[in-house]
Amino acid sequence: LQVVAMGHGHDEPFKIPHHSIYNNYKAFPELADHERRLGQLGLKDPWIRNYVYLYDKEYPHVRGQWAHFKRLILPGWKLGVGAAVALIAVEELYSYAKTGQTSWDAHH
């Protein structure tokens, strides 16, 4: 018997990721330029890695709303249209077989 608890299996102790995995900020030209400009002034931003999410294209707010919408909708578009056409065809054939007319022939 397995007991399922709320929290989806995130048991204690929690694993805290090491901070070094977020040191990819140099891969983003905007942040690399920011660090370079600060260096020219003799300054350093120890929290620069916390701003990666503002420039990472994997986040929807960076890519833009339209691009995010297309990424959500387009993969299933062809399948959805095909399923809708097939369902309408089946309904019309059933209606024609049962009553001798389709909904397209019905006079409202």
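Residues numbered from 1 in each chain as written. Predicted model: local features only at pLDDT ≥ 70, side-chain atom pairs only at ≥ 80, totals over all residues. Heavy atoms only, no water.

Identification of the protein chain as NADH dehydrogenase [ubiquinone] 1 beta subcomplex subunit 3 from Pristionchus fissidentatus is taken from an unreviewed UniProt entry.

This paragraph deals with the overall build of the protein chain. On a plain count of helices and strands, the protein chain comes out with 4 helices and 0 strands. Along its sequence from the N terminus, the protein chain presents helices and strands in the succession α-α-α-α. Split into buried and exposed, the 108 residues of the protein chain put 8% on the buried side. Taking contacts inside the protein chain between residues at least 6 apart in sequence as the whole, the part at least 24 apart equals 27%. (Helix = DSSP H or I, 4+ residues; strand = E, 2+ residues; numbered from the N terminus. Buried < 20%, exposed > 50% of the residue type's maximum accessible area, 1.4 Å probe, protein only. Contact = heavy atoms within 4.5 Å.)

What follows covers helix H4 (residues 77-99). In a regular helix each residue adds 1.5 Å, so 23 residues correspond to 33 Å; H4 covers 33 Å between its end C-alpha atoms and thus fits that length. Immediately downstream of H4, the backbone of Gly-100 shows phi near 85°, a positive value. (Expected span 1.5 Å × (residues − 1).)

Moving on, we get to the packing of aromatic side chains. Inspection of every chain in the model, using the stated rule, returns 1 aromatic pair. Judged by centre distance (5.6 Å) and plane angle (25°), the rings of Trp-66 and Phe-69 are stacked. Residue Trp-66 and its partner Phe-69 are located together in helix H3 (residues 65-73), separated by 3 residues, close to a single helical turn. By relative accessible area, Trp-66 is classed as exposed at 58%. (Phe/Tyr/Trp six-rings, centres within 6.5 Å; stacked < 30°, edge-to-face > 60°.)

In this section: the nonpolar core. Tyr-25, Phe-28, Leu-31, Ile-48 and Val-52 form the largest nonpolar core, which has 5 residues in total. Discounting chain neighbours no more than four positions away, the residues touching Phe-28 are Val-52, Tyr-55 and Asp-56. (Core = buried A, V, L, I, M, F, W, Y, C linked by side-chain atoms within 4.5 Å.)

A cluster of nonpolar side chains, Trp-66, Phe-69, Leu-72, Ile-73, Leu-74, Trp-77, Val-81 and Val-85, forms an exposed patch at the surface whose accessible area comes to about 860 Å². Mapped by element, the contributors of at least two residues to the nonpolar patch are H3 and H4. Top element by residues in the nonpolar patch is H3. It accounts for 4 residues. (Patch = residues over 30% accessible without salt bridge, like charges linked within 9 Å, V, L, I, M, F, W, Y side chains within 5 Å. Areas by Shrake-Rupley, 256 points an atom, 1.4 Å probe, with all protein chains shown as cover. Salt bridge = Lys/Arg side-chain N within 4 Å of Asp/Glu carboxyl O.)

Bringing the side chain of Thr-102 into the picture now. Relative to the assigned elements, Thr-102 resides in the segment after H4. Judged by its relative accessible area of 15%, Thr-102 falls in the buried class. Beyond its immediate chain neighbours, meaning those up to four positions away, Thr-102 contacts Glu-92, Ser-95 and Tyr-96.

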